[in-house]
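# Commentary on secondary and tertiary structure
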Amino acid sequence: TVGAGGSGLAIPSSGAYLGVWQPGVPTNLSSLDSFESAAGKHMAIVMFWRDWASDSGSINPSWLSAIAARGSVPMITWSPANWSNGTDNANYTLANITGGMFDSYIRQTADILRNYGGPVLLRTMHEMNGTWYTHWSGNPSAYVAAWKHIHDIFSQEGATNVQWVWCPNTFWSGSLATDPAGYYPGSSYVDWVGLDGYNRSDWGYMSFTKIFGYAVSHEAAFGKPIMIAETASGEFGDGGVKKSQWITDTFNTAIPSMPAIKAVLWFDEDKSVAEAGDEDWQLNSSPASQRAFAGSVARSLYIGRWRR
């Protein structure tokens, strides 16, 4: 079955699709082979990132085809911003999106994805309930208007193969991110409800249930399949003991206890290299974490091939 916009990617009645983000995707997919070998499982969803700027705003259909040829569905995190040149970001406002400044670009993207024809997951303006993406946070009504404007253009262009992933940051009572209900565009504009969250060593060990349980229970009320669109654990300087335990508990106990979760993507990047103070989220940051992951996702609950 499918929801508001997409076709071709069935929601599993039981279990959850397994997916990944890795640096190098989509132009270089060779690292995916190594990841899948380490994971012992094929990935049903492969995510990559694009902003709206001229340097990285276009989407090459050959990337989508190459991911599909692997037996995976492409998922695009598509951000109205220019991450390479902060001086241009003044134009990337919710008001400008709704006002039509980017209509030709949005229409061109919709046409590219429509002409590609296969199922595509599209995650735009994510983590809107936090404070760190100032382009699209802080104004729920303007956010909803911009989302609907983008979605309406895709509908006008007949891009019905696109499934829309509305993805707040995870939240709980007292967390930095707030309840995102005011940002929800409505059931006819959303196919998947996503959540992002991590087990950070600098925050102290937090179980998957602590990170996501409250938010999953609240988001279940939307009646949409839930996707954990970004998650991973940092290392705790103990040779992978705590990270491997977190992985084991997450995939063997926590996720099976939350049947509303229909997809989970591992964020497989060493961010400590790119961003000071961030962490090594890679699956193989230690042999222990790699073994824990492969051992946990081997169960049939985790679906490695997308279903029509």
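Residues numbered from 1 in each chain as written. Predicted model: local features only at pLDDT ≥ 70, side-chain atom pairs only at ≥ 80, totals over all residues. Heavy atoms only, no water.

## So, the environment of Gln-156
Inspection of the secondary structure puts Gln-156 in helix H5 (residues 140–156). Residues Gln-156 and Ser-65, 91 residues apart in the sequence, show an inter-C-alpha distance of 24 Å. (Helix = DSSP H or I, 4+ residues; strand = E, 2+ residues; numbered from the N terminus.)

## Notes on H5
Structural remark: α-helix, 3.6 residues per turn; residues separated by three or four positions point the same way. Between its first and last C-alpha atoms H5 spans 24 Å; for 17 residues at 1.5 Å apiece the expected length is 24 Å, and the two agree. Residues of H5 that are buried: Tyr-143, Val-144, Ala-146, Trp-147, His-149, Ile-150, His-151, Ile-153 and Phe-154. Residues of H5 that are buried sit in contact with strand S3 (73–79), helix H3 (94–99), helix H4 (103–116), strand S4 (120–124) and strand S5 (162–166). Immediately beyond the C-terminal end of H5, within one or two residues, lies Gly-158, with a positive phi of roughly 75 degrees. (Expected span 1.5 Å × (residues − 1). Buried < 20%, exposed > 50% of the residue type's maximum accessible area, 1.4 Å probe, protein only. Contact = heavy atoms within 4.5 Å.)

## Remarks on unusual backbone geometry
Looking along the chain, the bond that leaves Val-25 and enters Pro-26 is cis, with omega of 15 degrees. Mapped onto the secondary structure, Pro-26 falls in the loop between strand S1 (16–21) and helix H1 (30–39). The phi torsion at Met-125 lies on the positive side, around 50 degrees, for a residue other than glycine. Mapped onto the secondary structure, Met-125 falls in the loop between S4 and H5. If you check the backbone angles, Glu-127 has positive phi at about 55 degrees while not being a glycine. Mapping Glu-127 onto the fold places it in the loop between S4 and H5.

## Quick notes on the layout of surface pockets
Estimates place the volume of the largest pocket at around 840 Å³. Forming the walls of the largest pocket are 29 residues, and the residues nearest its centre are Glu-127, Trp-132, Tyr-133, Tyr-198 and Glu-230. Class assignment for the residues of the lining of the largest pocket results in 14 nonpolar, 7 polar and 8 charged. (1 Å grid on protein atoms, 1.4 Å probe; cavity = no way out; pocket = protein on both sides within 12 Å on 5 of 7 lines; lining within 4 Å. Points joined across faces, edges and corners; volume = space filled by probe spheres on them. Nonpolar A, V, L, I, M, F, W, Y, C, P; charged D, E, K, R; others polar.)

## A closer look at the pattern of salt bridges
Per the counting criterion, the structure on display carries 9 salt bridges. Between Arg-70 and Asp-33 there is a salt bridge whose closest N-O contact spans 3.2 Å. With Arg-70 in the loop between helix H2 (61–69) and S3 and Asp-33 in helix H1, the pair connects residues that are 37 residues apart, well separated along the chain. A residue is classified by how much of its surface remains accessible, and Arg-70, at 18% relative accessible area, is buried. Taking the shortest distance from any N to any O, the salt bridge between Glu-157 and Arg-107 comes out at 2.8 Å. Residue Glu-157 is located in the loop between H5 and S5, and its partner Arg-107 is located in helix H4; the two are separated by 50 residues in the primary sequence. Given a relative accessible area of 17%, Glu-157 falls into the buried group. Each of the salt bridges in this network shares a partner with another, and the network as a whole consists of Arg-107, Asp-111, Arg-114 and Glu-157. (Salt bridge = Lys/Arg side-chain N within 4 Å of Asp/Glu carboxyl O.)

## Quick look at the pairing of strand S2 (residues 45–51)
Most of S2 sits out of view: 6 of its 7 residues are buried. In terms of strand pairing, S2 meets S3 through 7 bridges, oriented parallel. The residue bridging Trp-49 from the neighbouring strand is Thr-77, located in S3. (Pairing = 2+ DSSP bridges.)

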